[in-house]
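Coordinate analysis (summary)
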Amino acid sequence: MKSIRTLFALLSCAALLCTASLAAGNTFLDVPNGAAYAKAVDWCVAHKLMNGVGGGRFDPNGTLDRRTLATVLYRAAGEPAITTTPDCTDVRAGQWYSEGVAWALEKGILQGYGGNRFGPEDAVTKVQLAVIFQRYDGEEPVWPGDPTGAAATRSEVAEALMAHLVHRLAEPVV
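Residues numbered from 1 in each chain as written. Predicted model: local features only at pLDDT ≥ 70, side-chain atom pairs only at ≥ 80, totals over all residues. Heavy atoms only, no water.

This part covers the overall build of the chain. A count of helical and extended segments in the chain gives six helices and zero strands. Going residue by residue from the N terminus, the α and β elements of the chain occur as α-α-α-α-α-α. Per-residue burial for the chain yields a buried fraction of 36% across its 174 residues. Taking as baseline every contact in the chain between residues at least 6 positions apart, the subset at least 24 positions apart corresponds to 68%. (Helix = DSSP H or I, 4+ residues; strand = E, 2+ residues; numbered from the N terminus. Buried < 20%, exposed > 50% of the residue type's maximum accessible area, 1.4 Å probe, protein only. Contact = heavy atoms within 4.5 Å.)

Quick look at the structure:
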């Protein structure tokens with residue numbers, strides 16, 4: 001009987017610790033409250049731009065693929081009507097990302113690789129991320145090349161989203 005009470009007390013303490021961690025604004029188990037990117041992750045979630053990867057995790061060190069970034073930017077733009085369909089052999093119609101990719105291609109924010117390829121499952125590189133945000137802001141950057149192909153992490157994407165979109169999405173989320 002004593003061991004059951006002890007077990008119950010330990011479980012209650014664990015539940016309180018988890019609740020306290022989440023109450024501090026941290027939505028994900030793998031995003032510490034003090035992390036430099038925690039505010040950006042919370043901002044992206046509050047604005048319904050990014051979600052976790054399941055199991056209460058955000059995967060801050062994981063990568064984000066091109067189809068997801070196109071979808072996130074499409075959401076940030078208010079999911080406007082699409083007037084074209086992608087001419088990419090690797091983007092199938094009717095997928096969760098199809099409209100986001102079509103919009104991003106239509107607006108010239110993301111581009112394909114040539115040969116009618118978009119690379120929807122390819123990780124967004126740091127260079128691509130910088131160029132994509134310049135295009136999103138209406139600039140016409142020159143592609144500098146991507147010699148390292150270093151992928152941007154999900155936390156870096158969240159920070160970039162907040163930095164570039166905070167002035168556009170300043171209204172409170174309902």
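Moving on from the coordinates now.
Right, let's talk about the packing of aromatic side chains for a bit. The full count for this structure, using the stated rule, is four aromatic pairs. Measuring from centroid to centroid gives 5.2 Å for Trp 96 and Tyr 97, while their planes differ by 80°, and the two rings are edge-to-face. Ring plane angle 65° and centroid distance 6.3 Å describe the contact between Trp 103 and Tyr 136, whose orientation is recorded as edge-to-face. A residue pair is termed long-range when its members are at least 10 positions apart, and Trp 103 in helix 4 (residues 98-107) and Tyr 136 in helix 5 (residues 126-136) qualify at 33 residues. Side by side, Trp 103 and Tyr 136 carry an identical accessibility label, which is buried. Three or more aromatic residues joined by ring pairs form one cluster here, namely Tyr 74, Trp 103 and Tyr 136. The ring of Phe 118 is capped by Arg 66, whose NZ or CZ atom sits 4.4 Å from the centre of that ring. Seen from the ring of Phe 58, Arg 154 lies directly overhead, with NZ or CZ sitting 4.4 Å from the centre. (Phe/Tyr/Trp six-rings, centres within 6.5 Å; stacked < 30°, edge-to-face > 60°. Lys NZ or Arg CZ within 6 Å of the ring centre and 35° of its normal.)

The next point concerns the pattern of salt bridges. If you walk through the whole model with that rule in mind, you get four salt bridges. Between Glu 121 and Arg 67 there is a salt bridge, with its nearest N and O atoms 3.5 Å apart. In this pair, Glu 121 sits in the loop between helix 4 and helix 5 while Arg 67 sits in helix 3 (residues 66-76), placing the two residues 54 residues apart along the sequence. Take Glu 121: its relative accessible area is 61%, and that puts it in the exposed class. Judged by relative accessible area, which is 17%, Arg 67 ranks as buried. Its salt-bridge partner being Glu 156, residue Lys 126 comes within 3.4 Å of it at the nearest N-O pair. (Salt bridge = Lys/Arg side-chain N within 4 Å of Asp/Glu carboxyl O.)

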